[in-house]
Amino acid sequence: MDICLKARNDEEVSRALKLNYNCIVYTKPLNNVLTFIPDQYISDIDIFSENTIIITNDVQLINKLKNRNMKIAYRVDKPSMNILEYNYFVIEFIPKNIRDLRFYKGKIYIDNIDNLDTYSKLENLKITGIFTKNLDFIVDVKKLSLYRK
């Protein structure tokens, strides 16, 4: 499972790369690492690399990004029983019924996971990864031997 750091500044990005994070959530594209960029940080959508994924649920922006062959992570901020198909999903909550994740057809990332107990409960689910704000989270996971790519 990927562990992605929600970096707040360049210093955290640098440290995350040294700690071997799989991906980073940041305000701008980064070289050689999968970068998720929330839509509020988009100003010029021509600058992104192939390792950049835009997080949004704005339908107009999604259509514009699709026309430019950009990668999109659909932000899910409330439960939905509709079957949605995107390459990536960023789910901002853990569904009460974990089986509801079957409605999302694509790679699933769960946002705001900063707790090892919660992480371990997600380990055996069909999700691609998690987002965390805790810079040392990957170190804690590796210490407990929970980390598997």
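Being a predicted model, the structure only gives us computed values, none of them experimental. (Residues numbered from 1 in each chain as written. Predicted model: local features only at pLDDT ≥ 70, side-chain atom pairs only at ≥ 80, totals over all residues. Heavy atoms only, no water.)

**Things to note about the environment of Asn97**
Here's step 1: One can find Asn97 in the loop between strand 6 (84-91) and strand 7 (104-110).
Here's step 2: Considered as a pair, Asn97 and Lys121 are 24 residues apart in the sequence and their alpha carbons are 13 Å apart. (Helix = DSSP H or I, 4+ residues; strand = E, 2+ residues; numbered from the N terminus.)

**Remarks on the state of the cysteines**
Every disulfide links exactly two cysteines, by a covalent bond between their sulfur atoms.
Here's step 1: This model, assessed by the stated rule, comprises one disulfide.
Here's step 2: The residue that forms a disulfide with Cys4 is Cys23, at a sulfur-sulfur distance of 1.7 Å. Disulfide Cys4-Cys23: torsion about the S-S bond near -40 degrees, hence left-handed. Here Cys23 lies in strand 2 (residues 23-25) and Cys4 lies in strand 1 (residues 2-6), a separation of 19 residues in the sequence. (Disulfide = S-S within 2.5 Å.)

**Here we look at the pairing of strand 5 (residues 71-76)**
Here's step 1: When you tally the buried positions in strand 5, you get five out of six residues, the bulk of the element.
Here's step 2: Pairing between strand 4 (residues 52-56) and strand 5: four bridges, direction parallel. Within the sheet, the bridge partner assigned to Ile54 lies in strand 5 and is Ile72.
Here's step 3: The parallel pair strand 4 and strand 5, bridged by helix 2 (residues 59-67), forms a crossover whose chirality is right-handed.
Here's step 4: Where strand 5 lies against strand 6, four bridges are found, and the strand directions are parallel. By the bridge assignment, Ala73 is partnered in strand 6 with Tyr88. (Buried < 20%, exposed > 50% of the residue type's maximum accessible area, 1.4 Å probe, protein only. Pairing = 2+ DSSP bridges. Right-handed = clockwise from strand over helix to strand, strands pointing away.)

**Section: the packing of aromatic side chains**
For any pair of aromatic rings, geometry is given as the distance between the ring centres together with the angle between the planes.
Here's step 1: Applying the stated criterion across every chain, the model contains 10 aromatic pairs.
Here's step 2: Cluster of aromatic residues (ring-pair linked, three or more members): Phe36, Tyr88, Tyr109 and Phe131. (Phe/Tyr/Trp six-rings, centres within 6.5 Å; stacked < 30°, edge-to-face > 60°.)

**So, the pairing of strand 3 (residues 34-38)**
Every other side chain in a regular strand lies on the same face of the sheet, so the side chains alternate between the two faces.
Here's step 1: Here strand 3 lies mainly inside the structure; five of its five residues are buried.
Here's step 2: Of the two faces of strand 3, both are covered, the one formed by Leu34, Phe36 and Pro38 as well as the one formed by Thr35 and Ile37.
Here's step 3: Examined bridge by bridge, strand 2 and strand 3 share three bridges and lie parallel to one another. Residue Ile24 lies in a different strand from strand 3, and its bridge partner there is Thr35.

**Some remarks on the sheet that holds strand 2**
Here's step 1: What the eight strands build is a closed barrel, ordered 1-2-3-4-5-6-7-8; its pairing is parallel. On average, each strand axis in the sheet is tilted by 30 degrees relative to the strand beside it, whichever way the strands run. (Axes fitted to C-alpha atoms, helices over the stretch in contact; angles between N-to-C directions.)

**Remarks on the nonpolar core**
Here's step 1: Ile91, Tyr104, Ile110 and Ile130 are the most contacted members of the largest nonpolar core, which totals 39 residues.
Here's step 2: Among the elements of the structure, strand 1, helix 1 (10-18), helix 2, strand 5, strand 6, strand 7, helix 3 (116-122) and helix 4 (137-143) are those that each provide at least two residues to this core.
Here's step 3: Apart from the residues lying within four places of it in its own chain, the contact partners of Ile91 are Val76, Leu101, Tyr104, Ile108, Tyr109, Ile110 and Asp111.
Here's step 4: In this structure, Val25, Ile53, Ile55 and Tyr109 belong to the second largest nonpolar core, which totals 12 residues. (Core = buried A, V, L, I, M, F, W, Y, C linked by side-chain atoms within 4.5 Å. Contact = heavy atoms within 4.5 Å.)

**A look at the pattern of salt bridges**
Here's step 1: According to the stated counting rule, one finds six salt bridges in the structure shown.
Here's step 2: In this structure, the salt-bridge partner of Lys6 is Asp111, at a minimum N-O distance of 2.9 Å. Taken together, the positions of Lys6 in strand 1 and Asp111 in the loop between strand 7 and helix 3 put the pair 105 residues apart, joining distant regions of the chain.
Here's step 3: The buried category is assigned to Lys6, whose relative accessible area is 18%.
Here's step 4: Glu92 is paired through a salt bridge with Arg75; the nearest N and O atoms lie 3.9 Å apart. Separated by 17 residues along the polypeptide, Glu92 in the loop between strand 6 and strand 7 and Arg75 in strand 5 bring together distant segments of the chain.
Here's step 5: Residue classification places Glu92 among the partly exposed residues on the basis of a relative accessible area of 32%.
Here's step 6: Beyond isolated ion pairs, a larger network of salt bridges with shared partners links Asp39, Arg75 and Glu92. (Salt bridge = Lys/Arg side-chain N within 4 Å of Asp/Glu carboxyl O.)

Scope: geometric values only; no functional claims are made or implied.
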